[in-house]
Amino acid sequence: MTNAPKRIGAKTLQASFWLMTGVFYGRLANLAMTIILARILVPADFGLVALGTTLLIILTSVTDLSLANALIHHQDNKEADFHTAFTLSAIRGFLLAIVMVISGFVMAHLYNDPRLIGVCTGLAVRPLFSGLGSPYYVTFAKELDFGTVAKNEALNYTAQLVVAVGVAWFTESYWAIVAGAVAASTTGIVATYIRAPYIPHFTLSSWRKLTNFSVWVTLNQFVTIIGNRFDNFLAGGLLGISSFGAYNVGNNIAAMITQSAFQPLERVLFPSFAKLTGDKARLNEAFQKSQASLFAIGFPMGVGLALVAEPFVYLTLGPKWSIAVTVIHFIAPVLGMQIVFGPSNALAYALGATRTLFNRGIVLLIFRVPIVLTGLYFFGLVGLLVARVISGGVVVSIVNFYIVRSLTGLSPWRQLLVTWRSWVSGAAMVLALLTLRDFSAPIATNLGAGKMLVETVLLGGGVYCCVHALLWVMSGRSQVGIESELVKMASGVLGRFKKLHRRSI
């Protein structure tokens with residue numbers, strides 16, 4: 001019994017490593033795809049597909065039954081539970097595909113663009129295929145075997161990259177984005193059956209058991225996605241398809257780079273927290289360690305990305321994407337700061353407090369809608385971005401501080417305190433990069449952009465890491481934070497090398 005928490009911690013660390021490796025590759029592949037397609041296609045192509053993708057994301061989220069989370073949450077799953085999960089997923093996928101096709105005609109009429117019919121029909125394949133995956137595949141996540149999950153997801157991202165770039169190269173059409181998305185879904189479904197063989201059985205005998213856990217998760221997904229995505233439809237109409245496409249690309253780049261720090265690890269933290277729910281002290285300690293560690297990675301990513309946005313976009317996307325630079329300047333720091341609350345969803349799932357997440361979603365929706373609507377309608381793109389900073393930075397922070405306190409008893413001050421080294425290190429990084437900018441020439445060529453990008457990343461990363469490490473040592477080498485975890489990992493790797501060296505002598 002005394003070794004159980006250590007085994008959980010070791011498996012969590014190993015799972016985090018595999019998942020972060022897979023996600024790093026996935027983000028890199030997505031970023032490469034975006035960069036290449038941006039050189040071949042035009043902003044309007046991205047805007048057109050983004051409208052269809054936004055619709056799909058909303059429909060997928062508001063009907064999400066969180067069946068995988070339910071199977072992870074329950075410790076006594078029977079065969080009927082897996083069969084029921086498959087049946088519910090298949091029915092949902094079929095219905096979503098039909099709704100997507102019908103919605104394509106509606107959107108084509110609203111935006112006066114018949115191409116949306118084909119886009120929505122093509123994207124309808126994704127939910128149809130996704131609903132047919134093997135339900136046994138969730139056992140890999142439940143047992144923290146994320147090495148398998150990471151490899152499969154890397155395969156999906158590779159398929160999307162290859163197909164999207166190939167179609168774009170030959171057609172120079174927005175269909176490349178749709179084809180890549182369909183290729184990823186197809187590859188993913190096949191992989192689940194290769195890794196977790198399953199013969200489909202249709203039954204609904206366990207529907208109450210599974211949906212009792214997921215009903216509040218589904219409602220939370222509904223209000224969250226409406227609050228986060230409703231402005232896309234309005235922006236597409238008010239800003240124009242081309243400007244909306246550039247806005248969407250900038251937003252996606254900011255999310256890809258900053259959110260990669262915590263979105264995948266939430267999948268690791270949920271089953272890890274679930275194994276500690278019987279010990280509140282250990283659960284709180286694990287939660288704060290995850291807060292400090294994720295924030296130490298995500299915060300500098302968000303702030304740093306905003307500071308290198310101009311040379312990065314110029315070098316990768318080209319000079320025609322200036323709107324994306326403005327979007328990254330505003331959005332990336334906000335997404336970076338939000339990471340401190342990343343583990344809160346996993347904590348709520350582990351505690352079965354899914355209704356709390358729904359209540360949070362309602363509060364955020366009530367505040368975000370009028371703020372964003374006002375900014376977008378009266379002040380256009382800049383107003384939309386400022387509104388997102390207010391709603392996503394200030395309002396989200398206040399609400400999440402008190403949600404975490406209700407779940408753990410940790411005060412907002414204690415939640416902030418574990419991240420103080422990251423805040424100070426981030427301020428030092430910003431000061432160093434602003435000083436560098438004063439001595440840098442304006443960007444006029446790809447060579448100049450590349451030079452500024454390399455200098456900024458090396459200086460910013462070096463200052464942040466050095467200050468962070470120095471503060472850790474000066475504060476007594478706290479065990480709550482990413483530094484102690486890195487030291488443990490380094491010690492483990494060094495110990496293995498020593499053992500190999502002794503055996504070879």
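Residues numbered from 1 in each chain as written. Predicted model: local features only at pLDDT ≥ 70, side-chain atom pairs only at ≥ 80, totals over all residues. Heavy atoms only, no water.

K.L.:
So what exactly am I meant to see when it comes to the overall build of the chain here?
P.N.:
A count of helices and strands for the chain gives 21 helices and 0 strands. Buried residues in the chain amount to 52% of all 505 residues. Restricting to contacts in the chain with at least 6 residues of sequence separation, those with at least 24 account for 83%. Summed over its atoms, the accessible surface of the chain is roughly 23200 Å², and 69% of this surface lies on carbon and sulfur atoms. (Helix = DSSP H or I, 4+ residues; strand = E, 2+ residues; numbered from the N terminus. Buried < 20%, exposed > 50% of the residue type's maximum accessible area, 1.4 Å probe, protein only. Contact = heavy atoms within 4.5 Å. Areas by Shrake-Rupley, 256 points an atom, 1.4 Å probe, with all protein chains shown as cover.)

K.L.:
Just to check I follow, could you spell out a nonpolar patch on the surface for this structure?
P.N.:
Taken together, the side chains of Ile 91, Phe 94, Leu 95, Ile 98, Ile 102, Val 106, Leu 110, Leu 128, Leu 204 and Trp 207 define a hydrophobic patch exposed on the protein surface, amounting to about 920 Å² of accessible area. Sort the elements by how many residues they give to the nonpolar patch and helix α4 (residues 79–110) lands first, with 7 residues. Within the fold, Leu 110 resides in helix α4. (Patch = residues over 30% accessible without salt bridge, like charges linked within 9 Å, V, L, I, M, F, W, Y side chains within 5 Å. Salt bridge = Lys/Arg side-chain N within 4 Å of Asp/Glu carboxyl O.)

K.L.:
Honestly, the environment of Ile 257 in this entry has me stumped. Any pointers?
P.N.:
Within the secondary structure, Ile 257 is located in helix α11 (residues 241–258). Taking the C-alpha atoms as reference, Ile 257 lies 8.6 Å from Leu 31; in sequence the two are 226 residues apart. Those residues in contact with Ile 257, other than ones at most four positions away along the chain, are Met 301, Leu 305 and Phe 312.

K.L.:
Help me understand the confidence of the model for the chain, please; the structure alone is not making it clear to me.
P.N.:
Regions with low pLDDT should not have their predicted coordinates read in detail. Of the residues in the chain, 88% have a pLDDT of 70 or more, and the chain-wide mean is 84. By mean pLDDT, helix α3 (residues 67–73) is the weakest element of the chain at 67, and helix α5 (residues 115–123) is the strongest at 95. Of the regions scoring below 50 in pLDDT, residues 1–10 engages in 4 contacts with residues more than four places distant in sequence or in other chains. (pLDDT = per-residue confidence, 0-100.)

K.L.:
Before we go on, may I ask you to explain the nonpolar core in this structure?
P.N.:
Counting residues in hydrophobic clusters, the biggest one holds 63 residues, and the most contacted among them are Leu 37, Phe 46, Met 100, Ile 253, Leu 317 and Trp 321. At 8 residues, the largest contribution of residues to this core is made by helix α2 (residues 43–62). Apart from the residues lying within four places of it in its own chain, the contact partners of Trp 321 are Ala 38, Val 42, Pro 43, Phe 46, Gly 245, Ala 246, Val 249 and Val 313. Of all hydrophobic cores here, the second largest spans 24 residues; its members include Leu 283, Ile 339, Ala 346 and Leu 407. (Core = buried A, V, L, I, M, F, W, Y, C linked by side-chain atoms within 4.5 Å.)

K.L.:
Any chance you could explain the pattern of salt bridges here in plain terms?
P.N.:
Between side chains of opposite charge, a pair can form when the charged atoms approach closely. A full pass over the atoms with the stated rule returns 5 salt bridges. With a shortest N-O distance of 3.4 Å, Arg 368 and Asp 231 are connected by a salt bridge. Of this pair, Arg 368 sits in helix α17 (residues 354–408) while Asp 231 sits in helix α10 (residues 207–238), and the two are 137 residues apart along the sequence. Both residues of the pair, Arg 368 and Asp 231, belong to the buried class. The closest approach of N and O atoms between Glu 455 and Lys 451, which form a salt bridge, is 2.7 Å. Residue Glu 455 and its partner Lys 451 are both found in helix α20 (residues 446–474); the two are separated by 4 residues, about one turn of the helix.

K.L.:
Whenever I open this one, unusual backbone geometry confuses me. Can you help?
P.N.:
If a residue is not glycine, its phi is most likely negative; likewise, a peptide bond is most likely trans. With phi around 55°, Asn 112 is a residue other than glycine that occupies positive phi space. Secondary-structure assignment places Asn 112 in the loop between α4 and α5. Residue classification places Asn 112 among the exposed positions, given a relative accessible area of 68%. Not every positive phi belongs to a glycine, and Arg 477 is a case in point at roughly 55°. Note on placement: Arg 477 falls in the loop between α20 and α21 (482–504).

K.L.:
Sorry, what's going on with α17 here?
P.N.:
Since one α-helical turn is 3.6 residues long, residues separated by three or four positions face the same way. Taking 1.5 Å per residue, 55 residues should reach 81 Å; α17 reaches only 14 Å between its end C-alpha atoms and comes up short. At Phe 379, α17 shows its maximal kink, close to 160°. Positive backbone phi, at 85°, marks Gly 409, one or two positions downstream of α17. (Expected span 1.5 Å × (residues − 1). Bend = angle between axes of the 7 residues up to and from the residue.)

K.L.:
Sorry, what's going on with the environment of Glu 79 here?
P.N.:
Relative to the elements of secondary structure, Glu 79 occurs in helix α4. On the basis of relative accessibility, which here comes to 47%, the residue Glu 79 falls in the partly exposed class.

K.L.:
Help me understand the packing of α2 against α5, please; the structure alone is not making it clear to me.
P.N.:
Helix-helix packing is described using two parameters, namely the angle between the two axes and the distance between the axes. α5 packs onto α2 with a crossing angle of 45° between their chain directions and a minimal axis gap of 9 Å. Between α2 and α5, the interaxial angle falls into the category oblique. In this structure, α2 crosses over α5, and the sense of that crossing is right-handed. Taking contact as the criterion, the partners of Leu 48, Val 49, Leu 51, Gly 52, Thr 53, Leu 55 and Leu 56 in α2 are, on α5, Arg 115, Leu 116, Val 119, Cys 120 and Leu 123. Per-class residue counts for the contact of α2 with α5 are 9 nonpolar, 2 polar and 1 charged. (Axes fitted to C-alpha atoms, helices over the stretch in contact; angles between N-to-C directions. Parallel < 35°, antiparallel > 145°, perpendicular 65-115°, else oblique. Left-handed = near helix turned anticlockwise from the far one by under 90°. Nonpolar A, V, L, I, M, F, W, Y, C, P; charged D, E, K, R; others polar.)

K.L.:
Explain the side chain of Asp 113 to me, please; I cannot follow it from the model alone.
P.N.:
Structurally, the position occupied by Asp 113 is in the loop between α4 and α5. What makes Asp 113 buried here is its relative accessible area of 12%. With residues up to four places along the chain from it excluded, the contact list for Asp 113 reads Leu 48 and Ala 108.

K.L.:
For this particular structure, what's the right way to read the environment of Thr 54?
P.N.:
With respect to the helices, strands and loops of the structure, Thr 54 is situated in helix α2. With relative accessibility at 2%, the residue Thr 54 sits in the buried group. For the pair formed by Thr 54 and Phe 233, sequence separation is 179 residues and the distance between their alpha carbons is 7.9 Å. Once residues within four sequence positions are removed from consideration, Thr 54 is found in contact with Arg 229, Asn 232 and Phe 233. One polar contact links the side chain of Thr 54 to the main-chain carbonyl oxygen of Ala 50, over a distance of 2.7 Å. Within the structure, Thr 54 has its side chain in polar contact with the side chain of Asn 232 (distance 3.0 Å). (Polar contact = N/O pair within 3.5 Å; in protein donor to acceptor, adjacent residues only side chain to side chain.)

K.L.:
Would you explain the packing of α11 against helix α13 (residues 280–307) in this entry?
P.N.:
The interhelical angle for the contact between α11 and α13, taken along N-to-C directions, is 145°, at an axis separation of 9 Å. Handedness of the crossing formed by α11 with α13: right-handed. Across from Ile 253, Ala 254, Ile 257 and Thr 258 in α11, the residues of α13 making contact are Met 301, Gly 302 and Leu 305. Tallied by class, residues from the contact of α11 with α13 come to 5 nonpolar, 2 polar and no charged.

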